[in-house]
Amino acid sequence: MKTFTFTVEGQEIIDYLPGQFFMLTVFGVGEAPFAFSSIAGKKFQATIREAGTVTEALHKLSVGNKVGIRGPFGKPFPLEDLQKAGTILVVAGGIGLPPLRSLIQYIHANNFPKQVILYGARTPGDLIYKKQFEMWKKKLKTEMLVTVDRGDQKWKGNVGVVTTLFDKIKVPEKVKVVTIGPAIMMKFVIKKCLELGIQPEDIIVSLENRMTCGYGKCGNCGYGKYLVCKDGPVFSYEQIKDIKGIF
Ligand SMILES: Cc1cc2nc3c(=O)[nH]c(=O)nc-3n(C[C@H](O)[C@H](O)[C@H](O)COP(=O)(O)OP(=O)(O)OC[C@H]3O[C@@H](n4cnc5c(N)ncnc54)[C@H](O)[C@@H]3O)c2cc1C
């Protein structure tokens, strides 16, 4: 997994909101969707794991090589609603942290209310953005807890799946949860939230599906009545709770 920094030729500012995504072409290879993992500005970042054809080709490129970018696409996180919440509980698993980093940076830049970040990865070596954790923790109104499924000799922190971190915090009443990670992790985070009495409309997820166009034309990325690219990728659990086979 690598974090790539992109600039767009002829464009001073690249404008988008956290939660949106873009389509990236490696010329002669193919195209795939990726989340923005930083906030909008002169440059943007995406953290990408080697999964198949496009991403393997991307990891072989060098600094200064050109790629194609289309976007931004999709619906962002409900930023106005989040700003009104008493606390934003960000729950990230593995590769779910990149789009949430964009949200975390946005929250800090725009003086949102209190946020609690719970982040889990498989092993200490799988944790990303480690250098930024201390910086985030020092921010006003931010609490962050990290866990790994399996520790190693050096690891002194929490061991256990990310939902075990819920027992280490006091979940406030006026909370909105934003969670991204593997489907199985989101399933258990949602279950935990519902047990704690958090309403389905206050649980926000981001979904992935295979997609081709990115803006609702090809119809490849359907889940129930929704297209992930156009109606999502950000959804409330209320919207998707009756769709079978998502989690
Ligand atoms: C909105 C959105 C945001 C995303 N953000 C990120 C991100 O920030 N970082 C990141 O690393 N990834 C992200 N992804 C996932 C990324 O787009 C996929 O992993 C993408 O498939 C990578 O393209 P690839 O050509 O490298 O891999 P592919 O060649 O597409 O292969 C990826 C996997 O899919 C399997 N596969 C191939 N074809 C099919 C098929 N027809 N049906 C089912 N499975 C198939 C392959 O066997 C392989 O396991 C995001 C996806 C979405 C929809």
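Since the structure is predicted, the reported quantities are computational estimates derived from the model, not experimental observations.

A. View of the sheet that holds strand E5 (residues 68-73). The strand order across the open sheet formed by three strands is E3-E2-E5, and the pairing between neighbours is antiparallel. Edge positions in the sheet fall to strand E3 (30-35) and E5, since each of these pairs with one other strand and no more. Averaged over all adjacent pairs, the angle separating strand axes in this sheet is 20 degrees, with direction ignored. One ladder, built from six bridges, connects strand E2 (residues 21-26) with E3; its direction is antiparallel. Following the sheet pairing, phenylalanine 21 is matched in E3 by alanine 35.

B. Region of interest: the site of the ligand. Near the ligand there are 18 residues, and of these Pro33, Arg49, Val54, Thr55 and Arg210 occur at the shortest range. Contacts to the ligand include arginine 210, whose side-chain N or O atom sits 2.8 Å from an oxygen atom. Bound to the protein, the ligand loses 64% of the 960 Å² it would expose on its own. Where the shell around the ligand is concerned, the elements lending two or more residues are E3, strand E4 (44-48) and helix H1 (53-59).

How each quantity is defined
Residues numbered from 1 in each chain as written. Predicted model: local features only at pLDDT ≥ 70, side-chain atom pairs only at ≥ 80, totals over all residues. Heavy atoms only, no water. Pairing = 2+ DSSP bridges. Helix = DSSP H or I, 4+ residues; strand = E, 2+ residues; numbered from the N terminus. Axes fitted to C-alpha atoms, helices over the stretch in contact; angles between N-to-C directions. Near = heavy atom within 4 Å. Polar contact = N/O pair within 3.5 Å; in protein donor to acceptor, adjacent residues only side chain to side chain. Areas by Shrake-Rupley, 256 points an atom, 1.4 Å probe, with all protein chains shown as cover.

So yeah, pure geometry; function would need other evidence.
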